[in-house]
Every structure is written in C-alpha cells, then in structure tokens.
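Coordinate inspection notes
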Amino acid sequence: MMTPNASPAADPQDAAVAIVSLYQKQQPIYPRAVNGWFVRWRWVLVWATQALYYGLPWLDWNARQAVLFDLAARRFYIFGLVLYPQDFIYLTGLLVVSAYALFLFTAVAGRLWCGYACPQTVYTEIFMWAERRIEGDRLARMRLDAAPWSLEKLGRKAVKQGVWIAIGLWTGFTLVGYFTPIRTLWGEALNLGFGPWEWFWILFYGFATYGNAGWMREQVCKYMCPYARFQSAMFDKDTLIISYDSARGEPRGSRGRKVSPRGQGLGDCIDCGLCVQVCPTGIDIRQGLQYECIGCAACVDVCNGVMDKMGYSRGLVRYATQNSMALGLTARQMWARVLRPRVLVYTGVLLVICGALAASLVLRSPFKVNVVRDRAALARLVEDGHVENSYRLQIMNAT
Ligand code: SF4
Ligand code: SF4
C-alpha cells in the first residue's frame, strides 16, 4: 500500500514493496497575534514568572545573596533559611507537592501548567513576541519567508537571531547566578572571565532556551515532553478542556453579518479559520480533543472576538468538560461534577503534605550536632590500658 510518505520501489519486481518514512517533516507554523482575557492572563504569568526568575538572584538578605545554592560549601540559602545536604528531605517534599499540584490542576482543568506556566510556553511566548516585533504578524512573516533573500530579509533575520541569542544567554547566565554569587559572576562577565563550568552551563542552558523556544517550539510539546504523554491518564470526562461546541457550531459556513444562521441552516461557526491561525501547535480545535493541544486558550479568545463581531453569544470555543457537552449540562451542573472524589482526594493529600512540610520547617532545630564513628581508624589500646575509639564531631549553626 502506498502512503503519502512512501516512495515507490526502484525495481519493478519489488513493486509490492514500499518504503514508508516514519518521519513527518515539520510544517512551519505562523501563529497569529491574538488579544483577549486568557492571553492577558498568560502575559501576567509570563511577567510574574520571569520577574521572579531573573530578579531573585539579585536580591540580598542580611548582606548575602537571598537565594543561593552554594554547591561548593554545601549550603543552600533561601532568604532566612539555610539548608544543608542533610535537609534534602525538604527538596523531596517540594517535589512531592509539585507532583500532587500537577495531578490536581490537570484533573480539574487539563493542561493549565502547559498553557500558562511551563517554561517552554513562557519562553516561546517571549520569543514569538520578539519575532512579531521584528518580522511582523503572521502574514508578514509568511511573506518574508517566501520572499527571495534580500538585504532587508537578511537584516530582519539577523536582528531576530541576535535578540533570541541574547535572551537565551541572559537566561543561562541567570541560572548560573543561582549557584555562583551573581554579582561576582557579573564581574566575570564583563571581562569574560568565567570558569569552565560556568561557561558550560551558561552556553548549554542559553542554547537550550534558544533552540527550544526559537526553533523547536511546539515540537518539544508534541514529541519530547513526557507530561504531554501521561497527562491523558489524569483526564476524565469531567476535566475542563478547551472544547468546541459542535452542537452549536455545526454545520459551519460563511455568511453575512445580518444573515440569520438558522434561516440558512447553519450553526454559529462562520468557518473563518482564525482558531487554527492563532494556535501555536497548528491544530484545529473543531476536530475535538487532541494531544497536541496545550490548553493555551488562544482559540477561545479569538473565537470570542469573532462571536462579538457577529453579534452571537460568546463561548463557541470554551473551557468545558466532555460530559457537559455530551449531556448538555448547565455551568452549575458542570462545576458540581468538577469537584469529584479524585479532586477532593488530591486536594486533601496536598494540604496534608504542605502542612507537614511547613510544620517541619518551623519546628526545625537551628542547631545540629552529628557524631560519626570514624570508620577508617580501628579501636586501639592506649598507654593506660584504655580502649580508644575515634569519632568525628560536626556542629552546625543552621541559621
Ligand atoms: S474562530 Fe470560531 S467561528 Fe472562526 S472557525 Fe474557529 S470556531 Fe469557527
Ligand atoms: S487548540 Fe486552542 S487551546 Fe489548544 S493549543 Fe491550539 S490555540 Fe491553544
């Protein structure tokens, strides 16, 4: 059987044999800019997460860097808290809390993390913003890419790459600033005097950011992210997902603004294609739930704008559950089902773990003594007939 990706066998005798490529060539996606309630929320989160990430290492606390993971001294400073390797249990607690929070948010509203707070989404948003400023919106970018090379095209592409690389390197520099005092690092940056490990991590993390957010974008979400693969295990039919109301929208079709769709036998979807054009993963939400959907809600915002212009009610594309669509539930009935047993269990477990973690931090002793038997030295008899054992005494002031 021939497929679009199959090439015919060279030898007529092998006519029944076809070579099937399992690699699908990446189709360029040119997401269109969109405004709306959910986009604004995404930008609030971009600002909040990035102000935190880029700003935190520059904050001081009691004449030292407020947040510093000093691997060489094996001390981790987080404002007033000083943690030692013995305190790694808190890191474990933090990871368990993060995992449960992810389960909870996914069970309630699907890929909230992917759509609003995942570094891949956040940096892609920043890189796309820079791209739009330099190359223009969707149509301008498509025209520029299709045009032959010219001085203008070369200039715009070079500026874009320069800005992307600068953002990537600053991101890498900031990451290293969490492990090496950032003001010392800045001094080293001015004369390019980084140590080998600092060079490695700045370049590695910088170019990972540049490659993932600038070039690979939706490919990371579709093919590389493990969360995208197992999140379906946390979904059920009462999970809020971005949904197209096909009962209301179909049959789709173009029409004039003043024309009554019902009179024409049409649904509310005017088939403008804008929901596809704004989608950063290039899918059509009207085909139902797809694993490529990162839940960014850009299609909700753009479709609401179309509905406003047409004078129809909003929400043809909206957050809804599969059950609410299939059973025609009201918003109140839908929300009542969102708070189902698994959500309550996740919430309960999360609250218990957070409480235990907070209590353990508050009750933590600031003074620690470790007495460890020196295994390298055997017990021995000393002059007065006593037996001598060696111990190592470690005293820590953990404030
Ligand atoms: S944006 Fe709304 S109206 Fe336009 S094609 Fe998509 S679902 Fe239909
Ligand atoms: S289908 Fe809508 S919510 Fe999903 S990724 Fe595309 S634009 Fe975002």
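What you are looking at is a predicted structure, and each value in this text was computed from that prediction instead of being measured.

1. Examining the overall build of the chain
Check the secondary structure of the chain and you find 16 helices and 13 strands. Relative to the globule expectation of 21 Å for 399 residues, the C-alpha radius of gyration of the chain, 28 Å, shows a markedly less compact shape. Principal-axis analysis of the C-alpha atoms gives the chain an extent of 110 × 60 × 60 Å. Within the chain, the fraction of its 399 residues that count as buried is 19%. Look at the contacts in the chain between residues 6 or more apart in sequence, and 64% of them connect residues 24 or more apart.

2. Focus on the site of ligand 1
Around ligand 1, 15 residues are found, and the nearest of them are Cys 269, Cys 272, Leu 274, Cys 275 and Cys 303. Among the elements of the structure, α12 (274-277) and α13 (298-310) are those that each provide at least two residues to the shell around ligand 1. Top contributing element to the shell around ligand 1 by residue count: α13, with three residues. A class-by-class count of the residues in the shell around ligand 1 yields eleven nonpolar, two polar and two charged.

3. Brief notes about the domain arrangement of the chain
For the chain, the assigned domains are domain 1 (37-231) and domain 2 (238-342). For domain 1 versus domain 2, the distance between C-alpha centres works out to 32 Å. Listed as interface residues are 20 residues of domain 1 and, on the opposing side, 19 residues of domain 2. Among the elements of the structure, α1 (37-55), α2 (88-109), α3 (112-117), α4 (119-135) and α9 (218-224) are those that each provide at least two residues to the side of domain 1 that touches domain 2. The element contributing the most residues to the side of domain 1 that touches domain 2 is α1, with four residues. Its residues assigned to classes, the side of domain 1 that touches domain 2 comprises ten nonpolar, four polar and six charged.

4. Focus: unusual backbone geometry
For the peptide bond that leads from Glu 250 to Pro 251, omega is -10°, which places it in the cis range. As for its position among the elements, Pro 251 is in the loop between α11 (246-249) and α12. The phi torsion at Asn 62 lies on the positive side, around 50°, for a residue other than glycine. Residue placement: Asn 62 occurs in the loop between β3 (60-61) and β4 (64-65). One non-glycine residue with positive phi stands out, namely Arg 74, at about 55°. Along the chain, Arg 74 falls in the loop between β5 (67-70) and β6 (75-78).

5. Brief notes about the packing of helix α6 (residues 151-177) against helix α7 (residues 182-190)
For the pair α6 and α7, the least separation of the axes is 9 Å and the interaxial angle reads 135°. The angle between α6 and α7 falls in the class oblique. Our pair here, α6 against α7, has a crossing hand that is right-handed. Here Phe 173, Val 176 and Gly 177 of α6 come into contact with α7, specifically with Ile 182, Leu 185 and Ala 189.

6. Some details on the site of ligand 2
Ligand 2 sits among 14 residues. The nearest are Cys 279, Ile 285, Cys 293, Cys 296 and Cys 299. Here the residues of the shell around ligand 2 are counted per class, giving twelve nonpolar, two polar and no charged.

7. A word on α13
Across its 13 residues, α13 extends 19 Å between first and last C-alpha, which sits within 8% of the 18 Å expected from 1.5 Å per residue. Ala 298, Cys 299, Val 300, Asp 301, Val 302, Cys 303 and Asn 304 are the residues of α13 that are buried. Buried residues belonging to α13 abut α1, β8 (241-244), α12 and β9 (317-320). One or two positions beyond α13, positive phi appears at Gly 311, with a value near 80°.

8. Examining the environment of Gly 315
Tracing the backbone through its elements, the reader meets Gly 315 in the loop between α13 and β9. Measuring from C-alpha to C-alpha, the distance between Gly 315 and Asp 245 comes to 8.1 Å, with 70 residues separating the pair along the chain.

Here is what the cut-offs are and how they apply
Residues numbered from 1 in each chain as written. Chains lettered and ligands numbered in written order. Predicted model: local features only at pLDDT ≥ 70, side-chain atom pairs only at ≥ 80, totals over all residues. Helix = DSSP H or I, 4+ residues; strand = E, 2+ residues; numbered from the N terminus. Rg over C-alpha atoms; globule rule 2.2 N^0.38 Å. Buried ≥ 20, exposed ≤ 12 C-beta atoms within 10 Å, placed from the backbone. Contact = placed C-beta atoms within 7 Å. Near = placed C-beta within 6 Å. Nonpolar A, V, L, I, M, F, W, Y, C, P; charged D, E, K, R; others polar. Domains from an automatic or database assignment. Axes fitted to C-alpha atoms, helices over the stretch in contact; angles between N-to-C directions. Parallel < 35°, antiparallel > 145°, perpendicular 65-115°, else oblique. Left-handed = near helix turned anticlockwise from the far one by under 90°. Expected span 1.5 Å × (residues − 1).

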